[in-house]
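Each chain, written out:
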Amino acid sequence: MGNWFTNVWDRLFNEKREFKLVIIGLDAAGKTTILNKMRFDEYINSAPTIGVNTEDIQVKNINIKVFDLAGQEKMRNVWKYYYSSIEGIIFVLDSGDTQRIMEAKDEIQNLLTNDEAKQVPILIFANKQDLPNAIRGPEMTDMLGLVEYVNKKTPTVKVQESSAVQDRGLLEGFEWIVDRIVQLAQQRSQQ
Amino acid sequence: MDMNTQTKILEAVLTKPENKTCADCNMKNPKWASITFGTFVCLRCSGMHRQLQVHITKIKSVNLDKWQPEVVELYKYINNYIANSYWEQRLPQGYNKLTIDSSPSEVESFIKDKYVNKRWVNTAMSEDPAKLYYRSRDEFEQYARRLYGSEETIATVNKDDKNQSTDAQKKQNVQIKTQQNQNQNQNSSDRKDQQAINQMSHHSQSNTQLDIGDLINLDAPSKPSHSQSNQNILNFSNQMNQPQQFIQSNNFNQMNQAGIIIKWVTIISQYVFWIEYESVTLKNNMNLLIQQQMMKNQMQQQYQFQQNPQQYSFNQGNMMMMNIPK
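Residues numbered from 1 in each chain as written. Chains lettered and ligands numbered in written order. Predicted model: local features only at pLDDT ≥ 70, side-chain atom pairs only at ≥ 80, totals over all residues. Heavy atoms only, no water.

Q: Tell me what's going on with the sheet that holds strand E3 (residues 62-69) of chain A, and back it up with residues and numbers.
A: Residue and element names in this part refer to chain A. Overall, mixed pairing links the six strands, which are arranged E2-E3-E1-E4-E5-E6 in an open sheet. Both outer strands of the open sheet, strand E2 (52-59) and strand E6 (157-161), are each paired with one neighbouring strand and no more. The sheet shows a mean angle of 25° between the axes of neighbouring strands, taken without regard to direction. Across the face of the sheet, helix H2 (residues 31-40) comes into contact with strand E1 (19-25), E2, E3, strand E4 (88-94) and strand E5 (122-127) while running at roughly 40° to E2. (Pairing = 2+ DSSP bridges. Helix = DSSP H or I, 4+ residues; strand = E, 2+ residues; numbered from the N terminus. Axes fitted to C-alpha atoms, helices over the stretch in contact; angles between N-to-C directions. Contact = heavy atoms within 4.5 Å.)

What follows is the structure, encoded as structure tokens:
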């Protein structure tokens, strides 16, 4: 019990701590590849994730535990159980798969209307920018209906162009979400 | 299409002997599908397919994904053998196909050669069987009939299998051919041809209970609704007499069970992570405690030494004597 209390205390007020992030998105979007790129700094060809895949990574000297969830249609029901115990959400999109953008939009709208997911920053990777027919970032925000969220004074949603194969935009995205998490925690402690 | 009927149909399709192994390697019981080619593949090969991006192949899971109804319809007719008869038509006999043990680079080069470079494709055809099916059903049926009907095509494409096949299978093949001949002689209309094709594609599955005819009836839109409801009532009355079967056949119960299992798995996994987290903090605390204990011991020793140094040194000396191995 004492341990639990110190944990909670550390989590709220101690700066030395571990963040927890969750990576979600439709199947074959590149979630596991992004995580492997961040963890091992190399491109690994991965098979479909079954269940959960966890890795510890470091961004700006902060330890982050990342849960990489499977994106198949039945496994999407599991996502919402993670929202209560994490500090940030990363949603990965396949920018080359133009037919399923609307399916992804539905999932993002579900995310934005979820009570627990609303309170944490959401980073959207428009992944696979190396493909020739990829949709670019601004166009993607427009298609997903996120313009009003992105243009807020202190936005909690960001669309980041990325390519895990070419190592483009990954670190920027992770740094943004870490900064946002720290800012939000400071605001809440002040209140 | 309902998820339950979809899984029923796909499980029945997976019991076909042609679909028992992965389309690219020799792994058994494939549970993933490349819906652009109409094949079933294993987990490892599906990973390589996904790397080729969606404009070449799309991968879906048999258990975890919802499929479009027209794709499920395609899978009733196509199988790994029909698809590979196009993609691997010019594959040399002694060529080492993929196995479970082959390395990732081998898998990558084989699958890229097969689908992207189209190295062993049947050049007589302009498109693969799945596209042929979407363009015109009749031509696809003709193609399938030629494949299963004439001996020459089977001999060229399926030589290795023939060498390994047992006597029982040969007998079955003979039976099928006779059946085909009968069908071809008796019927000329299109519907009958469809039935013949279905029987052909199911040729060595004569022992199994499910038939393609039953499958098609599962989601036939032409059935009037009131007859279905009557049937349901009849079924219900039958099921009430046999309570065990009723529980087994009730789809709603199955869905509920799956939901409960997923819930519990997530709850348990959360607790597992929590315990892991807890154990790390416990270890840190234990280290702190040990350090504190060491400090205390040192303080005690110093205190004893200050109180009476002779006694302390005597004790220490004794301890030293005890420790000498002689």
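Q: Got a sec to walk through the confidence of the model for chain B? Specific residues and values, please.
A: Residue and element names in this part refer to chain B. Averaged over all residues, the pLDDT of chain B is 74; the fraction at 70 or higher stands at 62%. Scored below 50 in pLDDT, residues 203-225 makes 29 contacts in the model with residues more than four places away or belonging to other chains. A low-confidence stretch, residues 320-324 (pLDDT under 50), is modelled with zero contacts involving residues beyond four sequence positions or located in other chains. Scoring the predicted complex yields pTM 0.64 and, for the interface, ipTM 0.84. (pLDDT = per-residue confidence, 0-100.)

Q: Quick one: what's the story with the interface of chain A and chain B, residue by residue and with numbers?
A: Counting residues at the interface gives 30 residues for chain A and 31 residues for chain B. Among the residues chain A hides against chain B, the three largest losses belong to Pro48(A), Lys74(A) and Tyr81(A). Together they make up 21% of the total. Summed over the shared surface of chain A and chain B, the number is one salt bridge. A salt bridge links Lys65(A) to Glu276(B), with the nearest nitrogen and oxygen atoms 3.7 Å apart. Across the chain A-chain B interface, the total number found is seven residue pairs in polar contact (both at pLDDT 80 or more). Secondary-structure elements contributing two or more residues to the side of chain A that touches chain B are helix H1 (2-13) and E3 of chain A. With four residues, the single largest contributor to the side of chain A that touches chain B is H1(A). Considered class by class, the residues forming the side of chain A that touches chain B number twelve nonpolar, eight polar and ten charged. (Buried area = accessible area lost by both parts, 1.4 Å probe. Salt bridge = Lys/Arg side-chain N within 4 Å of Asp/Glu carboxyl O. Polar contact = N/O pair within 3.5 Å; in protein donor to acceptor, adjacent residues only side chain to side chain. Nonpolar A, V, L, I, M, F, W, Y, C, P; charged D, E, K, R; others polar.)

Q: Could you give an account of a nonpolar patch on the surface, naming the residues involved and the relevant values?
A: Among the surface-exposed residues, Trp4(A), Phe5(A), Val8(A), Trp9(A), Ile260(B), Trp264(B), Ile267(B), Ile268(B), Tyr271(B), Val272(B), Trp274(B) and Ile275(B) lie close enough to one another that they form a single nonpolar patch of about 1,200 Å² accessible area. Residue assignment for the nonpolar patch shows that the elements contributing at least two residues are H1 of chain A together with helix H15 (251-307) of chain B. A total of eight residues in the nonpolar patch trace back to one element, the largest contributor, which is H15(B). Tracing the backbone through its elements, the reader meets Trp264(B) in helix H15. (Patch = residues over 30% accessible without salt bridge, like charges linked within 9 Å, V, L, I, M, F, W, Y side chains within 5 Å. Areas by Shrake-Rupley, 256 points an atom, 1.4 Å probe, with all protein chains shown as cover.)

Q: So what about the environment of Phe19(A)? Which residues, and what values?
A: Residue and element names in this part refer to chain A. Summarising the element assignment, Phe 19 is placed in strand E1. In this structure the C-alpha to C-alpha distance between Phe 19 and Asp 56, which are 37 residues apart in sequence, comes to 9.8 Å. Phe 19 has contacts with Ile 62, Asn 63, Ile 64, Lys 65, Glu 87, Val 178, Ile 181 and Val 182, leaving out every residue within four places of it along the chain.

Q: Break down helix H2 (residues 43-51) of chain B for me, with residues and values.
A: Residue and element names in this part refer to chain B. Among all positions in H2, only Cys 45, Ser 46, Gly 47, Met 48, His 49 and Arg 50 are buried. Contact partners of the buried residues in H2: strand E1 (32-34), strand E2 (39-41), strand E3 (59-61) and helix H5 (104-116). Gln 53 occupies a position one or two residues after H2 and carries a positive phi of about 75°. (Buried < 20%, exposed > 50% of the residue type's maximum accessible area, 1.4 Å probe, protein only.)

Q: Give me the UniProt feature "binding site: Mg(2+)" (unreviewed entry) in chain A: which residues, what numbers.
A: Residues and elements named next belong to chain A. UniProt feature "binding site: Mg(2+)" (unreviewed entry): in the numbering of this structure it lies at Thr 32 and Thr 49. What stands out for the annotated residues spanning 18 residues is how close their C-alpha atoms remain, the widest pair being 7.4 Å apart. Assignment of secondary structure puts Thr 32 in helix H2. By relative accessible area, Thr 32 is classed as buried at 10%. Apart from the residues within four sequence positions on either side, Thr 32 is in contact with Ser 46, Thr 49, Asn 53 and Asp 68. Residues within four places of Thr 49 in sequence aside, it is in contact with Thr 32, Asp 68, Ala 70 and Gln 72. At 2.8 Å, the side chain of Thr 49 and the side chain of Thr 32 are in polar contact. (UniProt positions renumbered as here; feature names shortened; annotations may be inferred.)

Q: I'd love a proper account of the pattern of salt bridges, names of residues and values included.
A: Any two side chains of opposite charge can pair, so long as their charged atoms come close to each other. Throughout the structure, instances matching the rule amount to 18 salt bridges over all chains. Counted as one network, the salt bridges with shared partners bring together Asp27(A), Arg76(A), Asp97(A), Arg100(A), Glu103(A) and Glu107(A).

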